[in-house]
Amino acid sequence: MIRSKGRKRLLTAVALASGLTLLATGCGSSGDDGDQGTASKGDGVLTVWAGSQTPIVANFNPYAPTVLHAALGGVYETLFYYNKASAEAPTPMLGESFEFNEDGTELTVKIREGVTWNDGKPFTAEDVVWSFSNETSKPEYLASAEVVDPTTVKLTFTGPQFTNEFALLGASWMVPQHVWKDVPDPVTFANEAPVGTGPYTVASTSDASYTMAANADYWGGAPAVEKVQYLGIDANTSAESLLKTGKVDWAGMFVADPDGLTADGRLGYINTPQDPTVLYTCANVEAGCAGAQTDVAVRQALNVAIDRGVINEKAFVGLAGEISPTFALLGRDDKWISPDVEKVSPQEANAAEAGKILEAAGYTKGGDGIYEKDGKKVELTLTSVEGWSDYNAAAELIAAQAKAAGIGVTASTVTWDEFSDSRQTGSFELIMGGVVGTSVADPFQIYRDWFSGEYTQPVGTQLESGEWNFSRYSNPTVDAAVNAAAATNDEAAKKDAYATIQTEITRDLPYIPLVINATQTFFDQKDFTGWPTEDNLYAFPPSWGSVSAGVVLSTIKPAE
Amino acid sequence: MKYYARRLTFYVITLWAAISLNFFIPRLMPGNAEDIFRAKMARKGELTPAMEKSIQLLFGSDDQSSLWDQYLRYWNNLLHGDLGTSITKFPAPVSELIGQALPWTIVLVGLATVLSFVIGISLGAWVGWRRGTWVDGVIPASTLLQSVPYFWLALILIAVFSVNLAWFPIIGGYDTFMFPDGPVPTWEFFSSAVYHGFLPALTIVLSSVGGWLLGMRNMMVSTLSEDYITTAEAKGLRPFRILTTYATRNAALPSLAGFSVSLGFVVAGSIVMEQVFTYPGVGKLMINAVQDKDFALMQGVFLVITVTVLAANFLMDLLYGFIDPRARHNG
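Residues numbered from 1 in each chain as written. Chains lettered and ligands numbered in written order. Predicted model: local features only at pLDDT ≥ 70, side-chain atom pairs only at ≥ 80, totals over all residues.

**Some points on the overall build of chain B**
Applicable threshold: Numbered from the N terminus, helices here are DSSP runs of H or I no shorter than four residues, and strands are runs of E no shorter than two. A residue is called partly exposed when the number of other C-beta atoms within 10 Å of its own lies between 12 and 20, exposed at 12 or fewer, and buried at 20 or more, with C-beta atoms placed from the backbone. For every residue pair, C-beta atoms are placed from the backbone, and the pair is scored as a contact if these atoms sit within 7 Å.
The secondary structure content of chain B amounts to 14 helices and zero strands. Going from the N terminus to the C terminus, chain B shows its helices and strands as α-α-α-α-α-α-α-α-α-α-α-α-α-α. A principal-axis box enclosing the C-alpha atoms of chain B has dimensions of 85 × 60 × 40 Å. Residue burial in chain B is summarised as follows: out of 331 residues, 37% are buried. Of the contacts made within chain B by residues no fewer than 6 positions apart, 72% connect residues no fewer than 24 positions apart.

In structure tokens:
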């Protein structure tokens, strides 16, 4: 034991030393960082959050599921750019023009000349052929891809592929054959120094961020923003704080109070609702569904009993958009909506009409206010994923609104695993979930993937990859119309087919439409100009869009 | 000698059982890893057909060999230091991910735990010594801090000190703008790391010091009623000497045992702290792995935690035998 006097002195000395060290490092660092508001990030560097979380692992392989955001659009490009937010024609990128043959089994594409990969080698038609026909990316329906001449490529298919125009021209990444033919396993390849045609190249990566540098030889002209740094952030609240304090310049995320962030004028804001939120119902008795929701009258009654205005205001903070029961995106897809069906889902509750629908179908109101038929009450379970607070709140509101109309709905939350499992196997009554919005101004993909009887399985069997028809809905009229629409590029014929489909689905309601989910984007309009705004929506704005992010990055400039 | 030999055997057997359990438990969990992965990707952005294919390829190579073969292969890989490849952080090897995260966790959380223990014990000793005076008011204050949900405390501190006053950074283990290439062994990096670690460490200390304080104070009060304390006072020893050399040394023994356990769990990281501060560490590896059914990463993290807790327990057992003669003779 140290003598008490010596110990006292030692303790004091240690305390002083550690205190001074902490003070020194604290003061020293803050001195370096300077003004927390704007410096501590180099001028002219665009700081982006696209949703990555730490630790960031360098993976710029466009075929890998864990690819980093900047690779898609920033480094690799597609032949054309399809603007998700508008109905305009696709913008030529690496392709200049394209043409289908009469029956859609051949697609001829003219490619842009004078493009080079970022390692200096020229971009050729052989690269395009390789990008379509290599093992990892080759679609099932592709019969062959061949070079017709140095600027033309012809793709031949096994059947008409009009409806896969976007998948081929807007979502297939152009990769260099001279790099990829020597890669032993394209899926596990980390591709840390990616060779692409895009406006940016990879400058550095760390576990907390990665930085992209402008590609001076980009075919569209060297981008004006020299460096773009993508951060890894784990919590949405942190991202909000960083946006507020000026550390992040571009982010697409849900913020309940956007006015709080835009108050000081640095941040611009745009909301481009895209993806429908619906109630999946297990609708088909023949496929094995059970429950009161298998009766179309119950679904129709529920549809009019819901108060979408209140749900938007209370659960989605007023940021969601109105939905059309035709699943065509209002505004963008208006031309495809048949005049014979309801264009917009009712925004107010109508309990009386719900009652009428049920009574016409033979239901009678019981003593407790809930309708019943043959002794069975109309009682349904509604699940939503725990933690998705907007959905959870909406589910509670629906339960209350349904009860007022005489339908018993019990809302509960489940884990994501249970949610996924139940919708894949069809063992559910009602689930609140999303529908994947289409990337083109055409609702076909939703009709085929979500309503077609060929894209589903009986209850108890998991859906296969690419099948999204959780409701098990199977209607021969719809299936025939879907097939007819797939085989033609004639607008009038497609409108006819869609009109048939819309008549069926707005009556049968296998998915009860609720709202269109908000897609919010915040961007630094003070330090950078050229962002997509409501007046000039040249690209889908969020930082996590793939091809669209590349288009935005090559368009914005530092402010003068 | 026999005491130590017996403890050693016990720990070796526990280690074997823990590692085997580590192998079996993830395989008993429900949920299809591939679906979760696919949906996670679809939520992040658009899922191209090429990605779908690569997801299938990634998971499609599902092991058809028997459980026993997998188990043996697991042990073989373990002894070669190969913990597998992470699915969610593809294609980083698990050992690399853990190796990157572990130093941050050990330094920050370890330091914070030690600090919180030292502060808690000293304050608890003082509060127990001065029982019956105004000092007793410290206890409800510290237990209040302890019972406040950790993330709430962290968010309040961030809102006040990082966002409004801008005294501390909002996220990160180090300044990503100054060091875009990652950690470098320079003095600037070290000072940046200390600066970024201050607020997370503060929140850990604030939220856990109450527990140590309360435990120590109670032990102190009961120790002070012992006869040898009365004897020491009667013999005229200075109060400070009695407090430190006689009372605290004996009262701290149970807390030390608890401390060893919490030291072992330091490597589990502090999940909420890492989430709120986007701080690099082992906790977020674990939570992501569990949520996304990343078996290799899950097993790797659990292994590290298990081995460290066992090692810490073992060391503490030895230490206990050394510092407390009663355990040595009776154990």
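Next comes the rest of the write-up.
**Notes on the overall build of chain A**
Per the secondary structure count, chain A includes 16 helices and 23 strands. In terms of overall dimensions, chain A has a C-alpha envelope of 90 × 80 × 50 Å along the principal axes. Residue pairs at least 24 apart in sequence account for 69% of intrachain contacts in chain A once pairs closer than 6 positions are excluded.

**Description of the environment of Ala283(A)**
All names here are of chain A. Tracing the sequence through the fold places Ala283 in the loop between strand S13 (276-281) and helix H8 (296-305). A sequence separation of 139 residues divides Ala283 from Ser144, and the C-alpha atoms of the two residues are 40 Å apart. When residues no more than four places from it in sequence are discounted, the contact partners of Ala283 are Cys289, Gln293, Thr294, Ser471, Arg472, Tyr473 and Pro510.

**As for the confidence of the model for chain A**
Regions with low pLDDT should not have their predicted coordinates read in detail. Residue and element names in this part refer to chain A. The test is simple: Note: pLDDT gives the predictor's confidence per residue, expressed from 0 to 100.
Of the residues in chain A, 92% reach a pLDDT of 70 or more, and the chain-wide mean stands at 89. Of all the helices and strands in chain A, helix H1 (residues 4-33) carries the lowest mean pLDDT, 55, while strand S20 (residues 511-516) carries the highest, 96. Here residues 24-40 is modelled with pLDDT under 50, and outside its nearest four sequence neighbours on either side it reaches 19 contacts, counting other chains as well.

**Some remarks on the interface of chain B and chain A**
Reports often express the size of an interface as the amount of accessible area lost when the parts come together. Worth spelling out the cut-off: Think of it as three bins: nonpolar holds Ala, Val, Leu, Ile, Met, Phe, Trp, Tyr, Cys and Pro, charged holds Asp, Glu, Lys and Arg, and polar takes everything else, Gly as well.
Facing the 54 residues of chain B at the interface are 52 residues of chain A. Contributing elements (two or more residues each) for the side of chain B that touches chain A: helix H2 (33-44), helix H3 (49-60), helix H5 (94-129), helix H7 (150-164), helix H8 (187-224) and helix H11 (271-277) of chain B. If one sorts the elements of the side of chain B that touches chain A by residue count, H3(B) sits on top with ten residues. Partitioning the side of chain B that touches chain A into residue classes produces 29 nonpolar, 15 polar and ten charged.

**Digging into the sheet that holds strand S6 (residues 142-149) of chain A**
Residue and element names in this part refer to chain A. Selection rule: A pair of strands is treated as paired once DSSP finds two or more bridges between them. To get an axis, fit a line to the C-alpha atoms, keeping to the stretch in contact for a helix; angles then go from 0 to 180 degrees between the N-to-C directions.
The four strands lie next to each other as S4-S5-S7-S6, forming an open sheet whose pairing is antiparallel. Single-partner strands in this sheet number two, and they are strand S4 (95-100) and S6. Ignoring which end each strand starts from, the neighbouring axes of this sheet average 20 degrees apart. The pairing of strand S5 (residues 106-111) with strand S7 (residues 152-157) spans five bridges and is classified as antiparallel. Across the sheet, residue Lys110 finds its bridge partner in S7, namely Thr152. In the packing of helix H3 (residues 125-133) onto the sheet, contacts are made with S5, S6 and S7, and the angle to S6 comes to roughly 180 degrees.

**Concerning the sheet that holds S13(A)**
Residue and element names in this part refer to chain A. Ordered in space as S18-S17-S19-S13-S20, the five strands form an open sheet in which the pairing is mixed. Taken across any chain shown, the strands that pair with only one partner, and hence form the sheet edges, are strand S18 (408-414) and S20. Recorded for the sheet is a direction-independent mean angle of 25 degrees between the axes of neighbouring strands. One ladder, built from seven bridges, connects strand S17 (residues 379-385) with S18; its direction is parallel.

**Structural notes on the packing of H8(B) against helix H10 (residues 239-264) of chain B**
Between two packed helices, the angle of one axis relative to the other and the distance separating the axes together describe the packing. All names here are of chain B. The following threshold applies: Oblique is the label for any angle not covered by the other classes, which are roughly parallel (under 35 degrees), roughly antiparallel (over 145) and roughly perpendicular (65 to 115). By convention the crossing between two helices is left-handed if the near helix lies anticlockwise of the far one by an angle smaller than a right angle, and right-handed if it lies clockwise.
Closest axis-to-axis distance for the H8/H10 pair is 9 Å, and the angle between their directions is 130 degrees. Looking at the two axes, H8 sits oblique to H10. Here H8 runs over H10; the crossing is right-handed. Residues Trp212, Gly215, Met216, Met219, Met220, Thr223 and Leu224 of H8 touch H10, and the partners they reach there are Ala247, Asn250, Ala251, Ala252, Pro254 and Ser255. For the contact of H8 with H10, a count of residues per class yields nine nonpolar, four polar and no charged.

**As for helix H9 (residues 227-234) of chain B**
By the criterion of burial, H9(B) is predominantly exposed, with just zero of the eight residues buried. Remark: Gly236(B) follows H9(B) within two positions and exhibits a positive phi of approximately 90 degrees.

**So, the environment of Ser122(B)**
By secondary structure assignment, the location of Ser122(B) is in helix H5. Along the chain, Ser122(B) and Leu256(B) lie 134 residues apart, while their C-alpha atoms are 13 Å from each other.

**Thoughts on unusual backbone geometry**
Residue and element names in this part refer to chain A. Residue Pro55 is bonded to the preceding Thr54 through a cis peptide linkage, with omega at -10 degrees. By secondary structure assignment, the location of Pro55 is in the loop between strand S1 (45-49) and helix H2 (71-75). A positive phi angle, close to 50 degrees, is found at Val317, a residue other than glycine. Despite not being glycine, Leu509 shows a phi value in the positive range, around 45 degrees.

**Focus on helix H12 (residues 416-425) of chain A**
Residues and elements named next belong to chain A. Threshold: Throughout, the arc means that of the directions going from the helix axis to the C-beta atoms.
Those residues of H12 that sit buried are Phe419, Ser420 and Arg423. Viewed along the axis of H12, the buried residues span an arc of 95 degrees, placing them on a single side of the element. Gly426 occupies a position one or two residues after H12 and carries a positive phi of about 85 degrees.

**Here's the deal with the nonpolar core**
What counts, and what does not: Only buried residues count toward a nonpolar core: Ala, Val, Leu, Ile, Met, Phe, Trp, Tyr and Cys, linked into one set through C-beta atoms within 7 Å.
Among the nonpolar cores identified, the biggest contains 136 residues, and Ala251(A), Met216(B), Leu285(B) and Val301(B) are the most heavily contacted of them. If you tally residues by element for this core, the top one is H5(B), at 14 residues. Setting aside residues up to four positions removed in sequence, Ala251(A) forms contacts with Val48(A), Trp49(A), Ala239(A), Leu243(A), Phe522(A) and Ser543(A). In terms of nonpolar packing, the next biggest core, distinct from the first, is built from 72 residues, Ile357(A), Phe428(A), Leu430(A) and Tyr473(A) among them.

**With respect to the environment of Asp524(A)**
All names here are of chain A. Tracing the chain through its elements places Asp524 in strand S21 (residues 520-524). By the C-beta count within 10 Å, which is 21 here, Asp524 ends up buried. Spatially, the C-alpha atoms of Asp524 and Pro346 are 37 Å apart, while their sequence positions differ by 178 residues. Residues within four places of Asp524 in sequence aside, it is in contact with Asp249, Trp250, Arg266 and Leu267.

**Examining the pairing of strand S19 (residues 430-434) of chain A**
Residues and elements named next belong to chain A. In terms of burial, S19 is a largely internal element, four of the five residues being buried. In this sheet, S19 lies alongside S13 in antiparallel orientation, the contact comprising five bridges. Within the sheet, the bridge partner assigned to Tyr280 lies in S19 and is Ile431.

**Examining the packing of helix H6 (residues 138-147) of chain B against H8(B)**
Residue and element names in this part refer to chain B. Look at H6 against H8: their axes get within 7 Å of each other, and the N-to-C directions meet at 135 degrees. If you check the angle between H6 and H8, you find them oblique. In the packing of H6 onto H8, the handedness of the crossing is left-handed. Along the contact surface, H6 presents Ile139, Ser142, Thr143, Leu145 and Gln146, while H8 presents Leu206, Ser207, Ser208, Val209, Gly210, Gly211, Leu213, Leu214 and Arg217. Split into classes, the residues belonging to the contact of H6 with H8 amount to six nonpolar, seven polar and one charged.

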